[in-house]
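Architecture at a glance
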Amino acid sequence: GLAVGGRFSFADLPMYVIAQTLGAIVAAFLILYVAGDMGLHKEGQATFELAANSLAVNGYGELSPQGYGMVAGLVTEIVMTMMFLFIILGVTDKRGTAVAGGLAIGLALTLIHLISIPVTNTSVNPARSTGPALALALSGEGKALAQLWLFWVAPIAGAVIGALIYRSIRGDGSSD
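Attention in this report is confined to the structure presented alongside it. (Residues numbered from 1 in each chain as written. Predicted model: local features only at pLDDT ≥ 70, side-chain atom pairs only at ≥ 80, totals over all residues. Heavy atoms only, no water.)

A contiguous nonpolar patch, built from Met-70, Val-71, Val-75, Val-79, Met-83, Trp-149 and Val-153 and spanning about 590 Å² of accessible area, is present on the exposed surface. When residues in the nonpolar patch are grouped by element, the largest group, 5 residues, is from helix H2 (residues 70–91). Note on placement: Val-75 falls in helix H2. (Patch = residues over 30% accessible without salt bridge, like charges linked within 9 Å, V, L, I, M, F, W, Y side chains within 5 Å. Areas by Shrake-Rupley, 256 points an atom, 1.4 Å probe, with all protein chains shown as cover. Salt bridge = Lys/Arg side-chain N within 4 Å of Asp/Glu carboxyl O. Helix = DSSP H or I, 4+ residues; strand = E, 2+ residues; numbered from the N terminus.)

Our next topic: the pattern of salt bridges. A side chain with one charge may pair with a side chain of the opposite charge, provided their charged atoms come close. For the structure on display, the rule yields 3 salt bridges. Notably, a salt bridge pairs Arg-7 with Asp-93, separated by 3.8 Å at the nearest N-O pair. Taken together, the positions of Arg-7 in the segment before helix H1 (13–35) and Asp-93 in the loop between H2 and helix H3 (98–120) put the pair 86 residues apart, joining distant regions of the chain. Classification of Arg-7 as partly exposed rests on a relative accessible area of 22%. What emerges from the salt-bridge pattern is a single network uniting Arg-7, Asp-93 and Arg-170. (Buried < 20%, exposed > 50% of the residue type's maximum accessible area, 1.4 Å probe, protein only.)

Moving on, we get to the packing of aromatic side chains. One pass over the full model with this rule turns up 2 aromatic pairs. For the pair Phe-8 and Tyr-16, a centre-to-centre distance of 5.0 Å together with 55 degrees between the ring planes defines the contact as tilted. Assessed through its relative accessible area of 26%, Phe-8 is described here as partly exposed. Judged by centre distance (5.7 Å) and plane angle (75 degrees), the ring pair of Phe-86 and Tyr-166 falls under edge-to-face. With Phe-86 in helix H2 and Tyr-166 in helix H6 (residues 150–170), the pair connects residues that are 80 residues apart, well separated along the chain. (Phe/Tyr/Trp six-rings, centres within 6.5 Å; stacked < 30°, edge-to-face > 60°.)

All right, on to H1 then. Over its 23 residues, H1 runs 33 Å from end to end, which matches the ideal 33 Å to within 8%, given 1.5 Å per residue. By the burial criterion, the buried members of H1 are Thr-21, Ala-24, Ile-25, Ala-28, Leu-32 and Ala-35. Where H1 is buried, its residues contact helix H4 (126–138) and H6. (Expected span 1.5 Å × (residues − 1). Contact = heavy atoms within 4.5 Å.)

It is generally the case that most residues other than glycine have a negative phi and that most peptide bonds are trans. Non-glycine residue Thr-122 carries a positive phi angle of around 60 degrees. Given a relative accessible area of 1%, Thr-122 falls into the buried group.

Core analysis: the largest hydrophobic core is formed by 17 residues, its most contacted members being Leu-32, Leu-55, Ala-135, Ala-144, Leu-150 and Phe-151. Sorting the residues of this core by element identifies H1, H4 and H6 as the ones contributing at least two each. Not counting the four nearest positions on each side in its chain, Ala-135 is found in contact with Ala-28, Phe-29, Leu-32 and Leu-55. (Core = buried A, V, L, I, M, F, W, Y, C linked by side-chain atoms within 4.5 Å.)

The subject of this paragraph is the packing of H2 against H6. Any two packed helices are characterised by how steeply their axes cross, that is the angle between the axes, and by the distance between the axes. For the pair H2 and H6, the least separation of the axes is 7 Å and the interaxial angle reads 40 degrees. It follows that H2 is oblique to H6 by the angle criterion. Crossing geometry of H2 relative to H6 is assigned as right-handed. Here the contact of H2 with H6 is built from residues that sort into 18 nonpolar, 5 polar and 1 charged. (Axes fitted to C-alpha atoms, helices over the stretch in contact; angles between N-to-C directions. Parallel < 35°, antiparallel > 145°, perpendicular 65-115°, else oblique. Left-handed = near helix turned anticlockwise from the far one by under 90°. Nonpolar A, V, L, I, M, F, W, Y, C, P; charged D, E, K, R; others polar.)

So, on to the environment of Ile-112. With respect to the helices and strands, Ile-112 occurs in helix H3. Considering only alpha carbons, one finds Ile-112 and Thr-81, 31 residues apart in sequence, at a separation of 8.5 Å. Apart from residues lying up to four places away in sequence, Ile-112 is in contact with Met-80, Phe-84, Thr-122 and Val-124.

It is worth stressing that arrangement in space is one thing and function is another; only the former is reported here.
This is the structure in C-alpha cells:
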C-alpha cells in the first residue's frame, strides 16, 4: 500500500516483506515457546492448550472468534486495511501534523481491532497472519494455514485500494 501510495520504493518491497514475515514467524514461535507448548520447558502457562485457534490466529468459519464466514472475513479485512492505509497516508502527508500522526494511527488501529477481532481476529498485515498460521501448522494444527490465502489477498487488496483512493484525492500521491 505504501509503495502504491508513493511512500515506499517498489525495489525495497521484497526485502521488506521477507523481513516482516520472518519477524512474525519468529514472534509466533517465541509466543508458543513462552506458553510452554513446544515441549522444551514446563514453565509456561498451565492452562495453555494448543488448538487450531491458538496464538490469536486469523481465520473465518470455525477459526473466526464469532463464526463469521469467508466473505465477511474478506470484506472486513479489505475495508479495515483500506481505511488504515488511507489514514496512514493522510496523517504522514507533509500537509499533516507530525504530532497528531502517531495518535491518529494508533487510535485508528485500535478501532480497527475493536471492529474486526470478532470477525477474523484482525490481520490487516499478511506477515502478522503468517507467523501464527505457520507455527500452528508445524505444531500439528494446519487449519489456519489452509485459510492463510485470505489474509494475504485481503490486506494487500485493501492496501492498494486505500492507496489508490488517497492518490486520487491527493492528486499525485506525493507527500509534498
